[in-house]
Amino acid sequence: MFAQPQQEHQWLQKLVGEWTFEGESIGPDQQVMRHAGRERVRPLGDLWIVVEGEGEMAGGGPDTWMMTLGYDPEKQRYVGTWIGSMMTHLWLYEGQLDESGKSLPLEAEGPGMAPGSSARYRDVYEIVDDDHRKLSSYVLGEDGQWIRFMTVEYRRVR
C-alpha cells in the first residue's frame, strides 16, 4: 500500500507555498468581474497536495474552497477534487501534463451556466516560474470549442 513518489508527484511540489491571486471572470451577461484572494498549498506526504483558498469571488461575497491533487500511476493521470463554499457540487478532476511539462489541464463535468444543465470544464494550471503561476478556466461550447471564462494570476508570498 505504500506508494513511492514518481516524477509526476514531484511536479506537484512546485505548487506548494503561500500565494496571493488576482483574476477576472466573464459572467453570463458578458460582464467582466474581478476577484482576489489567497491560497495555501501544502503537501500531504509526497503523493498529494491540498489547496485551501479564500477570497472575494466575482459577483459574490467571500468564499472558501479546497482542492486535492495527486497522480495516479495506474490511470497515468493526475486526479483531484474541488469543493467550494459557494456550491454543492463535488468536482472530480483528471488530466495530464502537456508536452512542455509546464501546464496541467484538468477536466471535469459540472453544473452548466443555465439552471439544470451540465457542462464539460477544463482548468489549465500553468507554472510560469517558481513564484508565478496561472489558471485559465474553460467551458466546452455547443460548437465543440473551449470558451475561456476565467483567468487568474498567482504570486508566491512564501
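Figured I'd write up the structure that's included with this text. Please read all numbers here as calculations on a predicted model, not as lab measurements.

Details of the pairing of strand β3 (residues 48-56)
The two faces of a sheet get side chains in turn, since along a regular strand they alternate between them.
Here's step 1: Sheet topology note: the strand β2 (residues 32-44)/β3 ladder contains nine bridges and is antiparallel. Looking at the pairing, R40 lines up with E52 of β3.
Here's step 2: Linking two consecutive strands that pair antiparallel, namely β2 and β3, is a turn of three residues; a positive phi of about 65 degrees is found at G45 within it.
Here's step 3: Pairing analysis gives nine bridges linking β3 to strand β4 (residues 62-72), with the strands arranged antiparallel. Residue pairing in the sheet places G55 in a bridge with D63 of β4.

Some words on the sheet that holds β4
Sheet strands pair by backbone hydrogen bonding; their relative direction is either parallel or antiparallel.
Here's step 1: Read once around its circumference, the closed barrel built from 10 strands follows the order β1-β2-β3-β4-β5-β6-β7-β8-β9-β10, with strand pairing classed as antiparallel. If you compare each strand with its neighbour and ignore which way they point, the axes differ by 25 degrees on average.
Here's step 2: Note that strand β1 (residues 17-26) and β2 share 10 bridges and pair antiparallel. Residue pairing for β2: I26 is matched across the bridge by V32.

Overview of the nonpolar core
Here's step 1: Counting residues in hydrophobic clusters, the biggest one holds 29 residues, and the most contacted among them are W11, I49, M67, L69, Y78, Y93 and L106.
Here's step 2: In this structure, Y93 is in contact with M67, Y78, V79, G80, T81, W82, L106, E107, A108, D123 and Y125, ignoring residues within four places of it in sequence.

Comments concerning the environment of L104
Here's step 1: Inspection of the secondary structure puts L104 in strand β7 (residues 103-111).
Here's step 2: As a C-alpha pair, L104 and R133 span 29 residues in sequence and 11 Å in three-dimensional space.
Here's step 3: Sequence-distant contacts of L104, defined by excluding residues within four places in its chain, comprise W11, L69, Y78, G95, Q96, L97, D123, V124 and Y125.

Things to note about the packing of aromatic side chains
Here's step 1: Going through the model one piece at a time under the given rule, you end up with six aromatic pairs.
Here's step 2: With a centroid separation of 5.9 Å and an interplanar angle of 55 degrees, the aromatic rings of F21 and W65 are classed as tilted. Residue F21 is found in strand β1, and its partner W65 is found in strand β4; the two are separated by 44 residues along the sequence.
Here's step 3: Note on F21: relative accessible area 5%, which makes it buried.
Here's step 4: For W65, a relative accessible area of 8% corresponds to the buried category.
Here's step 5: Between W91 and Y121, the ring centres sit 5.2 Å apart and the planes meet at 85 degrees, which makes this aromatic pair edge-to-face. On the criterion of sequence distance, the pair formed by W91 in strand β6 (residues 91-95) and Y121 in strand β8 (residues 118-129) is long-range, its members being 30 residues apart.
Here's step 6: By relative accessible area, which is 9% here, W91 ends up buried.
Here's step 7: Through a chain of ring-to-ring contacts, the aromatic side chains of W11, Y71 and Y78 assemble into a single cluster.
Here's step 8: Directly above the ring of W19 sits R133, whose terminal nitrogen or CZ lies 4.5 Å from the centroid.

The rules behind these values
Residues numbered from 1 in each chain as written. Predicted model: local features only at pLDDT ≥ 70, side-chain atom pairs only at ≥ 80, totals over all residues. Heavy atoms only, no water. Pairing = 2+ DSSP bridges. Helix = DSSP H or I, 4+ residues; strand = E, 2+ residues; numbered from the N terminus. Axes fitted to C-alpha atoms, helices over the stretch in contact; angles between N-to-C directions. Core = buried A, V, L, I, M, F, W, Y, C linked by side-chain atoms within 4.5 Å. Buried < 20%, exposed > 50% of the residue type's maximum accessible area, 1.4 Å probe, protein only. Contact = heavy atoms within 4.5 Å. Phe/Tyr/Trp six-rings, centres within 6.5 Å; stacked < 30°, edge-to-face > 60°. Lys NZ or Arg CZ within 6 Å of the ring centre and 35° of its normal.

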